[in-house]
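Listed below are the residues making up each chain.
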Amino acid sequence: MKKHLIYTVLLCSYVLTGCSNEDYLIENPNRLKELQKIARRNECNVTINIMNDSIKNTPLNKEEKTKYNNLFAQMAKLNNLTFSLTPQQQKTRAIDSHSYYKELNYNGQYYTVAVYWKEDNETKNIFDIEAGIGGVKVIGGDRYTVNYVRHNIINANEHEISVEIKANHTIDTFPIVNGNIDYSRGPLMSITSKIFVEGKVYPKSMDGEFTIRFVGNGSWEMEDL
């Protein structure tokens, strides 16, 4: 249950926002420049890698422009989102196992944030605290993934559990062959960004809330941890 709560998976809604044709007028257009411009316009700090040379210098078509404008607009809306967690509890004779989790559903994409701990019924000591965020969803040829990296326990007692969670948000685009996504060839393109989640759970009142932020391009590396 513990691993399921932590690594089952949060987070992303995609609502279309309007844009004019002038927004897409770029000199010597290519896919990477267009994507970077759309990301900047939506104030999204991401790293975009195009691994397939055949599409690298191919301009986005109208449908793709709409798709990526929608995607980055919703990443921006997700930034600084604050949400409450749902309490769960499993009772044992001497120790209660508690967990808080929130499954966020945005346009069919499922991600989960979870905090898990145990409490001694006699001493009220809090221990075995775990926290995480994760999830994966495939839409068309795009695989949306939130990969948990690590968590830090800032404070933990019978009154308050404060945690920070780091994760990587990745969107990989794979080729479609005969109507099916082909993972064997590897991704054609990837969009990556760092995620930072922080919040508190109050064990006595069994409530709490967390805030998620996109905090930088690329991925969390070992030196960042």
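Residues numbered from 1 in each chain as written. Predicted model: local features only at pLDDT ≥ 70, side-chain atom pairs only at ≥ 80, totals over all residues. Heavy atoms only, no water.

**A closer look at the overall build of the protein chain**
Here is step 1: Helices and strands together make up the secondary structure of the protein chain, namely four helices and 12 strands.
Here is step 2: By residue count, 44% of the 225 residues in the protein chain fall in the buried class.
Here is step 3: Summing over all exposed atoms, the protein chain offers an accessible surface of approximately 11,600 Å²; the carbon and sulfur share of this is 45%. (Helix = DSSP H or I, 4+ residues; strand = E, 2+ residues; numbered from the N terminus. Buried < 20%, exposed > 50% of the residue type's maximum accessible area, 1.4 Å probe, protein only. Areas by Shrake-Rupley, 256 points an atom, 1.4 Å probe, with all protein chains shown as cover.)

**Thoughts on the packing of helix α2 (residues 31-41) against helix α4 (residues 62-78)**
Here is step 1: Where α2 meets α4, the axes come as close as 9 Å, and the angle between the chain directions of the two elements is 35 degrees. In terms of crossing hand, the pair formed by α2 and α4 is right-handed. On α4, the residues that touch R31, E34, L35, I38, A39 and R41 of α2 are E64, K65, Y68, N69 and F72.
Here is step 2: Taken together, the residues of the contact of α2 with α4 sort by class into five nonpolar, one polar and five charged. (Axes fitted to C-alpha atoms, helices over the stretch in contact; angles between N-to-C directions. Left-handed = near helix turned anticlockwise from the far one by under 90°. Contact = heavy atoms within 4.5 Å. Nonpolar A, V, L, I, M, F, W, Y, C, P; charged D, E, K, R; others polar.)

**Quick notes on the packing of aromatic side chains**
Here is step 1: Under the counting rule described, the total for this entry stands at one aromatic pair.
Here is step 2: Just above the ring of W220 sits the side chain of K166; from NZ or CZ to the centre is 4.4 Å.
Here is step 3: One cation-aromatic arrangement involves K194 over W220; the distance from NZ or CZ to the ring centre is 5.0 Å. (Phe/Tyr/Trp six-rings, centres within 6.5 Å; stacked < 30°, edge-to-face > 60°. Lys NZ or Arg CZ within 6 Å of the ring centre and 35° of its normal.)

**Thoughts on the confidence of the model for the protein chain**
Here is step 1: For the protein chain, the average pLDDT comes to 81, and 80% of its residues sit at 70 or higher.
Here is step 2: Put simply, helix α1 (residues 2-7) is where the protein chain has its lowest mean pLDDT, 42, and strand β1 (residues 47-50) is where it has its highest, 96.
Here is step 3: Under a pLDDT of 50 for its full length, residues 1-28 has, in the predicted model, 80 contacts with residues more than four places off or in other chains. (pLDDT = per-residue confidence, 0-100.)

**Let's talk about the pairing of strand β8 (residues 161-173)**
Here is step 1: Within β8, 12 of the 13 residues are buried, which leaves it mostly tucked inside the rest of the structure.
Here is step 2: Inspection of the sheet shows strand β7 (residues 142-156) paired to β8 by 13 bridges, in the antiparallel sense. In the sheet register, A156 faces β8, and the bridge partner there is I161.
Here is step 3: Hairpin connection, β7 to β8: the antiparallel pair is bridged by four residues.
Here is step 4: Two strands pair when backbone bridges link them, and β8 and strand β11 (residues 189-202) are joined in this way by 13 bridges, in the antiparallel orientation. Each bridged residue has a counterpart across the sheet, and for T173 the counterpart in β11 is M189. (Pairing = 2+ DSSP bridges.)

**So, the nonpolar core**
Buried together is how nonpolar side chains tend to be arranged in soluble globular proteins.
Here is step 1: Counting 39 residues, the largest nonpolar core has Y68, F72, V115 and I133 as the members making the most contacts within it.
Here is step 2: Setting aside its immediate chain neighbours within four residues, Y68 contacts L35, I38, L60, T173, M189 and I191. (Core = buried A, V, L, I, M, F, W, Y, C linked by side-chain atoms within 4.5 Å.)

**Quick word on the pattern of salt bridges**
Here is step 1: Under the counting rule described, the total for this entry stands at eight salt bridges.
Here is step 2: We note a salt bridge from D128 to K118, for which the minimum N-O separation is 3.9 Å. Residue D128 is located in strand β6 (residues 126-139), and its partner K118 is located in strand β5 (residues 109-120); the two are separated by 10 residues in the primary sequence.
Here is step 3: The partly exposed category is assigned to D128, whose relative accessible area is 40%.
Here is step 4: Taking the relative accessible area as the measure of exposure, K118 reaches 24% and is therefore partly exposed. (Salt bridge = Lys/Arg side-chain N within 4 Å of Asp/Glu carboxyl O.)

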